[in-house]
Amino acid sequence: MDNKGDNNIVFLKIGQRIQYYRQKANLTQEKLAEKIGLTPNHLSRIESGRHNPYFETIMLAAKELDVPIDAFLEDIDDNYINTFLQMMKSDISGMSKNQLEMLKKYIALIKEFDF
């Protein structure tokens, strides 16, 4: 499968996991979207795999749903996780030094949580 196809599967699965945990938390799309700064329509597109979420959106959703970020990747095999990591690499490649420092701090903060 080509890289674009891998990305589509990764984003579809992440969207499905966001939807699963949102419903488990008894939150509507409207309520979660409001909490993470999206429109309900945008969240709907993410959950259905029609839109690729930014890493920041994934982080905010995990925080609001009180789940670790890797919960959104739990049913994705290693090949797809590598594709996700490559996508993240392309997302951060254009960041400034200050943005990279902030990202490093976020990563350190995430590692502190014991989920």
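Summarise the overall build of the chain; cite the residues concerned and give the values.
Along the backbone of the chain there are six helices and zero strands. Its helices and strands taken in sequence order, the chain reads α-α-α-α-α-α from the N to the C terminus. Of all 115 residues assigned to the chain, the portion counted as buried reaches 34%. Taking all contacts inside the chain whose residues are at least 6 apart in sequence as the whole, residues at least 24 apart take part in 63%. Summed over its atoms, the accessible surface of the chain is roughly 7600 Å², and 50% of this surface lies on carbon and sulfur atoms.

Tell me about the packing of helix 2 (residues 29–36) against helix 3 (residues 40–47), and name the residues and values.
Relative orientation of the contacting elements helix 2 and helix 3 amounts to 105 degrees, with a least axis distance of 8 Å. Relative to helix 3, helix 2 is oriented roughly perpendicular. Counted together, Gln29, Glu30, Leu32 and Ala33 of helix 2 and Pro40, Leu43, Ser44 and Glu47 of helix 3 form the full contact between these two elements. Looking at the contact of helix 2 with helix 3 residue by residue, the classes come out as four nonpolar, two polar and two charged.

An account of helix 2 is needed here, citing residue identities and associated values.
Residues of helix 2 that are buried include every one of Leu32, Ala33 and Ile36, and no others. Buried residues of helix 2, seen end-on, are gathered within an arc of 100 degrees and therefore sit on one face of the element. At the C-terminal side of helix 2, glycine 37 shows a positive phi close to 80 degrees.

Hey, could you go over a nonpolar patch on the surface for me, with residue numbers and the actual values?
Together, Met102, Tyr106 and Leu109 make up an exposed nonpolar region whose accessible area comes to about 290 Å². With respect to the element layout, leucine 109 can be found in helix 6 (residues 97–112). Accessibility expressed as a relative area gives 41% for leucine 109, which makes it partly exposed.

Give a description of the side chain of arginine 17 that names residues and reports values.
With respect to the helices and strands, the residue arginine 17 is situated in helix 1 (residues 3–24). Judged by its relative accessible area of 14%, arginine 17 is buried. Setting aside chain neighbours within four positions, we find arginine 17 in contact with Ala71, Phe72, Glu74 and Asp75.

So, unusual backbone geometry: which residues are in play, and what are the values?
Its identity is not glycine, yet asparagine 26 carries a phi of approximately 55 degrees, on the positive side. Residue placement: asparagine 26 occurs in the loop between helix 1 and helix 2. Of note, the phi angle at aspartate 66 is positive, near 60 degrees, even though the residue is not glycine. Positionally, aspartate 66 belongs in the loop between helix 4 (55–65) and helix 5 (78–92). With relative accessibility at 64%, the residue aspartate 66 sits in the exposed group.

Describe the layout of surface pockets, with residues and values.
In this model, the largest pocket occupies a volume close to 640 Å³. Along its surface, the largest pocket is lined by 23 residues, and Glu56, Met59, Leu60, Tyr106 and Ile110 are the ones closest to its centre. Mapped by element, the contributors of at least two residues to the lining of the largest pocket are helix 4, helix 5 and helix 6. Grouping the constituent residues of the lining of the largest pocket by class yields 18 nonpolar, one polar and four charged.

Calculation criteria
- Throughout this description, residue numbers start from 1 for each chain and increase along the sequence as written.
- For a predicted model such as this one, the threshold for reporting local features is a pLDDT of at least 70, and the threshold for listing and counting side-chain atom pairs is 80 or more; totals across whole chains, interfaces and linings nevertheless cover every residue.
- Excluding hydrogens and water, the side-chain values take into account all heavy atoms of the structure.
- The numbering of helices and of strands both runs from the N terminus, where a helix is a DSSP run of H or I of at least 4 residues and a strand a run of E of at least 2.
- Relative accessibility decides the category of a residue: with a 1.4 Å probe and only protein chains considered, values under 20% of the type maximum give buried, values over 50% give exposed, and everything between is partly exposed.
- In what follows, a contact means two residues having at least one pair of non-hydrogen atoms within 4.5 Å.
- For the accessible areas, the method is Shrake-Rupley and the probe is 1.4 Å, while residue cover comes only from the protein chains on display.
- A fitted line through C-alpha atoms represents every axis, and for helices the fit uses only the stretch in contact; the resulting angles, taken between N-to-C directions, go from 0 to 180 degrees.
- For classification purposes, an angle smaller than 35 degrees is called roughly parallel, one larger than 145 roughly antiparallel, one from 65 to 115 roughly perpendicular, and anything else oblique.
- Three residue categories are used. Nonpolar comprises Ala, Val, Leu, Ile, Met, Phe, Trp, Tyr, Cys and Pro, charged comprises Asp, Glu, Lys and Arg, and polar comprises the others, including Gly.
- By construction, the arc corresponds to the directions joining the helix axis to the C-beta atoms.
- Patches here: salt-bridge-free residues with over 30% relative accessible area, like charges joined within 9 Å, nonpolar side chains (Val, Leu, Ile, Met, Phe, Trp, Tyr) joined within 5 Å.
- Any Lys or Arg side-chain nitrogen located within 4 Å of an Asp or Glu carboxyl oxygen qualifies as a salt bridge.
- Grid spacing is 1 Å over the protein atoms alone, the probe is 1.4 Å, and a cavity is where that probe fits but cannot get out, while a pocket is an open set with protein on both sides within 12 Å along at least five of seven lines and lining residues have an atom within 4 Å of a point.
- Grid points are joined across faces, edges and corners, and a volume is the space filled by probe spheres set on the points.

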